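Summary of the model geometry
Chain by chain, the residues run as shown.
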Amino acid sequence: PTLHHLQRVFLSDTGEQVFWTPLRNTLVVGFFATVLALVFGLTLAMLVARTNIAGRNALGFLLIVPYMLPSQAFATAWSTVFRNRRSGGAQGMLEAIGLTPPDWLAYGPVPISICLALNYFPFAFLLFSNALNKIDIRLVEAASALGASQSRIWVRILLPLLIPTTMSVLLLTVARTLGTFATPYVLGSPVGYNLLSTSLYSSIRSGSSGTAAVLAIVLAAIGVLMVV
């Protein structure tokens with residue numbers, strides 16, 4: 001990229017549409033998708049690793065399956081159920097029975113965040129399960145013997161010990177969210193909701209190779225900053 005491309009992406013009026021708005025959208029989706037993935041993963045890890053629920057070994061295997069599926073599968077499934085007339089084509093399942101989902105539920109940041117969280121929460125589940133299994137059970141037993149409640153044990157003992165794992169989950173989930181294209185494209189394009197990945201694709205498709213190069217460098221720089 002040349003100085004012209006840098007000026008076009010960062011300083012021109014076009015830059016708002018090409019870079020700044022997609023950047024804000026990416027940060028919003030990345031934040032909510034990561035929070036949801038953390039909540040799903042930690043809750044299910046607690047269920048499998050810290051309870052005697054029946055079939056927990058089978059449940060632990062089944063919870064890895066979502067990661068084996070492409071992100072587009074979740075986006076397509078969501079679109080099949082919640083699609084409305086904005087995108088044209090076949091009716092969604094809810095529309096077919098007389099219910100019209102609003103745009104914010106059919107497209108945009110809400111469905112993108114949920115679908116990405118459902119796709120990537122196995123990261124959190126696997127890491128939290130492994131960390132919980134490695135925590136010395138004598139710490140919990142000692143706290144219980146001294147009269148600590150389960151909530152206090154989690155707040156004062158278990159959660160602090162999970163901080164390093166949480167940082168790893170954040171890194172992996174946010175990194176995957178930044179690089180995902182299919183879900184933002186399927187669920188964001190009908191309402192013009194672009195992330196950096198879809199903006200990069202649009203630049204390549206329109207032949208703006210210099211702009212695409214700048215966006216690619218920005219995505220790489222964000223990844224490096226996250227690792228640091």
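The structure reproduced in this document is the subject of the present report. (Residues numbered from 1 in each chain as written. Predicted model: local features only at pLDDT ≥ 70, side-chain atom pairs only at ≥ 80, totals over all residues. Heavy atoms only, no water.)

Considering the overall build of the chain
Secondary structure assignment for the chain yields 14 helices and zero strands. Starting at the N terminus and walking to the C terminus, you meet the elements of the chain as α-α-α-α-α-α-α-α-α-α-α-α-α-α. With the C-alpha coordinates of the chain rotated into their principal frame, the extents come out at 65 × 50 × 25 Å. Taking all 228 residues of the chain together, 39% fall into the buried category. Long-range contacts, defined as pairs at least 24 residues apart, comprise 69% of the intrachain contacts of the chain with a sequence gap of at least 6. Summed over its atoms, the accessible surface of the chain is roughly 12300 Å², and 68% of this surface lies on carbon and sulfur atoms. Considering the chain, the positive charge centre built from 13 side chains and the negative charge centre built from 6 side chains are found 7 Å apart. (Helix = DSSP H or I, 4+ residues; strand = E, 2+ residues; numbered from the N terminus. Buried < 20%, exposed > 50% of the residue type's maximum accessible area, 1.4 Å probe, protein only. Contact = heavy atoms within 4.5 Å. Areas by Shrake-Rupley, 256 points an atom, 1.4 Å probe, with all protein chains shown as cover. Lys, Arg positive; Asp, Glu negative; His and termini not counted. Charge placed at Lys NZ, Arg CZ, Asp CG, Glu CD.)

Notes on the packing of aromatic side chains
Here the structure, examined in full by the defined rule, presents eleven aromatic pairs. A centroid spacing of 5.2 Å and a plane angle of 25 degrees characterise the contact between Phe181 and Tyr185, whose relative ring orientation is stacked. With a relative accessible area of 29%, Phe181 lands in the partly exposed category. Accessibility expressed as a relative area gives 32% for Tyr185, which makes it partly exposed. (Phe/Tyr/Trp six-rings, centres within 6.5 Å; stacked < 30°, edge-to-face > 60°.)

Description of the environment of Pro122
By secondary structure assignment, the location of Pro122 is in helix α8 (residues 109–134). Separated by 85 residues in the primary sequence, Pro122 and Gly207 have C-alpha atoms spaced 37 Å apart. With near-sequence residues (within four places) excluded, Pro122 lies in contact with Leu63, Ile64, Pro66 and Tyr67.

Focus on helix α10 (residues 150–161)
Under the 1.5 Å per step criterion, the end-to-end length of α10 is 15 Å for twelve residues, consistent within 8% with the ideal 16 Å. The complete set of buried residues in α10 reads Ile153, Trp154, Ile157 and Leu158. Down the axis of α10, the buried set is contained in an arc of 125 degrees. They therefore lie on one face. The outward face of α10, more than 90 degrees from its buried face, is lined by the exposed residues Ser151, Val155 and Arg156. Where the residues of α10 are buried, they touch α2 (13–49), α8 and α9 (137–145). (Expected span 1.5 Å × (residues − 1). Arc of directions from axis to C-beta.)

Concerning the nonpolar core
Phe125, Phe128, Leu132, Ile153, Leu158 and Leu162 are the most contacted members of the largest nonpolar core, which totals 23 residues. Broken down by secondary-structure element, the contributors of at least two residues to this core are α2, α8, α9 and α10. Ranked by residues supplied to this core, first place goes to α8 with seven residues. In this structure Phe128 touches Leu38, Gly41, Leu42, Ala45, Leu162, Thr165, Thr166 and Val169, once residues within four positions along its chain are discounted. Counting residues in each nonpolar core, the second largest holds 17 residues, with Ala33, Phe82, Leu105 and Ile112 among its members. (Core = buried A, V, L, I, M, F, W, Y, C linked by side-chain atoms within 4.5 Å.)

Considerations on a nonpolar patch on the surface
Side chains of Val28, Phe31, Phe32, Val35, Val39, Phe40 and Leu118 sit close together on the surface and give an oily, nonpolar patch of about 560 Å² of accessible area. A total of six residues in the nonpolar patch trace back to one element, the largest contributor, which is α2. Along the chain, Phe40 turns up in helix α2. (Patch = residues over 30% accessible without salt bridge, like charges linked within 9 Å, V, L, I, M, F, W, Y side chains within 5 Å. Salt bridge = Lys/Arg side-chain N within 4 Å of Asp/Glu carboxyl O.)

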